[in-house]
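If you want the building blocks of each chain, they are given just below.
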Amino acid sequence: MEPRKSPVQARSAASVDAILEATIQVLLQVGKERLTTTKVADRAGVSVGTLYQYFPNKSALLQAVLRRHLTEITEAVELVCTEQQGATPRQMATALITAFLQAKMKDARKSVAFYSVSSHVDGAKILRQMRARADRAIIRMLETACEPLMADPQLVAGLVQGAMTGVSQRLLESNTPADQFETLRDELIFLVCAYIDACAARPSTQDASA
């Protein structure tokens, strides 16, 4: 399922971008079962031969668009974590949750479609890779907090990511995700901030053993 080669020239990169965008459009229009490389090539305005230079089959196409989608969300998380370094834990949580959900829900139809193909293109492996990247970014951010947390940053990062993932899945499974976005975002921020407040008030391991 891996791409055959990476584009090295601007024109090649433009062709790959067009192919990936066309893959998303065809996926949304006809679904994963009826998506074919021929339909994608026609939509992208390239020959099937050109498509095969980069993607050997349908699965490789779907894996590539899923990876690009998850990479965009992960990069949004990494960016906000860098921007929030040195802030309070509450400010960090609020900014992180807002950025994550905005990236995830920017185009709900696409996100739902990617859920449908994930299990067919080793999506779990890609998701693990992206979660590991996000974990590292969140941990680095938490370690700079101007108010100390009496909990392991790695544990906090994992719990926060789990909460964000659960709420985003709830939104995507809803018939009207746009109507529920602000409410669930605000409730998630409240939940995570309450957890962070509890972490800040918790006695440290050294204090507890004294």
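Residues numbered from 1 in each chain as written. Predicted model: local features only at pLDDT ≥ 70, side-chain atom pairs only at ≥ 80, totals over all residues. Heavy atoms only, no water.

Engineer: I keep staring at the side chain of threonine 71 and nothing clicks. Help me out?
Structural biologist: Note that threonine 71 resides in helix 4 (residues 58-83). Overall, the relative accessible area of 16% leaves threonine 71 in the buried class. Excluding residues that lie within four positions of it along the chain, threonine 71 makes contacts with Met130 and Arg133. (Helix = DSSP H or I, 4+ residues; strand = E, 2+ residues; numbered from the N terminus. Buried < 20%, exposed > 50% of the residue type's maximum accessible area, 1.4 Å probe, protein only. Contact = heavy atoms within 4.5 Å.)

Engineer: Where do I start with the confidence of the model for the protein chain in this structure?
Structural biologist: When pLDDT is low, close inspection of the predicted coordinates is not appropriate. The predicted model of the protein chain averages 88 in pLDDT, with 90% of residues at 70 or higher. Least confident of the elements in the protein chain is helix 10 (residues 205-209), whose mean pLDDT is 46; most confident is helix 2 (residues 37-44), at 96. Across residues 205-210, where pLDDT falls below 50, the model places zero contacts with residues more than four positions away in sequence or in other chains. (pLDDT = per-residue confidence, 0-100.)

Engineer: What should I look at first to understand the state of the cysteines in this one?
Structural biologist: A covalent bond between the sulfur atoms of two cysteines is referred to as a disulfide. Tallied over the entire structure, the rule returns zero disulfides. Cysteine 193 provides the cysteine sulfur closest to cysteine 199, a residue in no disulfide bond, and the two sulfurs are 11 Å apart. (Disulfide = S-S within 2.5 Å.)

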